[in-house]
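# Coordinates in review
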Amino acid sequence: METIVFDVGETLVRDDRQWASWADWLGVPRHTISALVGVVTAQNRDGDDALRLIKPGMDIGEAYRARESAGRGEHLDESDLYPDVRPALASLRALGVRVVLAGNQTVRALELLRRLDLPTDLVTGSGDWEVAKPTREFFARVVDAAQAPPERTLYVGDHPAYDLFPAQLAGLRTAHLRRGPWGYRWADDPEVVAAADWRVDNLTQLTPIVRAAREKG
């Protein structure tokens, strides 16, 4: 295994703050957002669809810009990271693995991620590429960013429809993370079990996976 590429939301970063801020912006109770995220999770849909259930036809990009203009834009700091993130990424880099972060993030979110100075080789994603998951174009960019053959690249994420299935179609190895709403809800789904090369509960489990894969050649 030469390169591991990570999704961001609910793989590396907790989404608590994001959903709370959207609830405040839209003027609804925070538990309403949580419940609607549960609805779209059960349907294996994108999280933004929870917002559109509150405000049908909502232009998410326009709403992001309006929040930024109002001084209520995206925020990200160390407290938003899951506790296994830094040790896991550092351990992988110590093995000589190229570590890439590539998810559906805005330009602002990518800037905030880079400021965290995580042990990575590259932080990029949809905000840079102007293509988003789960499109083939996004995962073609992932393959380019990996700088390794697809079969020697592992994509790690929690969302079957946005991470696991399209990464598999692109020829990448896949690890499904049992974390966050989508990770927990779909962890034992037969299609997820069949599609995932590995299933993990913690990012530190990736280090022995890499060691074992290298021993097999």
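Nothing here was measured: the structure is a model prediction, and the numbers come from that model. (Residues numbered from 1 in each chain as written. Predicted model: local features only at pLDDT ≥ 70, side-chain atom pairs only at ≥ 80, totals over all residues. Heavy atoms only, no water.)

With that settled, consider the side chain of D7. Its place among the elements puts D7 in the loop between β1 (3-6) and α1 (16-26). Separated by 2.7 Å, the side chains of D7 and K133 make a polar contact. If we skip the residues at most four places from it in the chain, D7 touches L12, A102, G103, K133, Y155, V156, G157, D158 and D163. (Helix = DSSP H or I, 4+ residues; strand = E, 2+ residues; numbered from the N terminus. Polar contact = N/O pair within 3.5 Å; in protein donor to acceptor, adjacent residues only side chain to side chain. Contact = heavy atoms within 4.5 Å.)

With that settled, the discussion passes to the environment of V40. When you line up the elements, V40 lands in helix α2 (residues 30-42). Exposure remark for V40: the relative accessible area of 0% places this residue in the buried category. If we skip the residues at most four places from it in the chain, V40 touches R45, D46, G47, D49, A50, L53 and W182. (Buried < 20%, exposed > 50% of the residue type's maximum accessible area, 1.4 Å probe, protein only.)

For the rest of this paragraph, the subject is unusual backbone geometry. With omega at 10°, the peptide bond leading from K133 into P134 counts as cis. If you trace the backbone, P134 turns up in the loop between α7 (126-129) and α8 (136-146). One non-glycine residue, E10, adopts positive backbone phi at about 60°. Along the chain, E10 falls in the loop between β1 and α1. Its relative accessible area of 7% is what places E10 among the buried residues. Positioned with a positive phi, Q147 is a non-glycine residue whose angle comes to about 60°.

Rolled over the atoms, a probe with the dimensions of a water molecule shows which regions are left empty. Volume-wise, the largest pocket comes out at about 960 Å³. Mapped onto the lining of the largest pocket, the elements with two or more residues apiece are α1, α4 (60-69), α6 (107-115), α7 and α9 (160-169). Residues that form the lining of the largest pocket fall into these classes: 13 nonpolar, twelve polar and 13 charged. (1 Å grid on protein atoms, 1.4 Å probe; cavity = no way out; pocket = protein on both sides within 12 Å on 5 of 7 lines; lining within 4 Å. Points joined across faces, edges and corners; volume = space filled by probe spheres on them. Nonpolar A, V, L, I, M, F, W, Y, C, P; charged D, E, K, R; others polar.)

Both strand β2 (residues 98-103) and strand β3 (residues 122-125) contribute to a ladder of four bridges, which runs parallel. Across the sheet, the residue bridging to A102 is T124, located in β3. Following the chain from β2 across α6 to the adjacent parallel β3, one finds a crossover that is right-handed. (Pairing = 2+ DSSP bridges. Right-handed = clockwise from strand over helix to strand, strands pointing away.)

Geometric descriptors of this kind do not, in isolation, establish any biological role.
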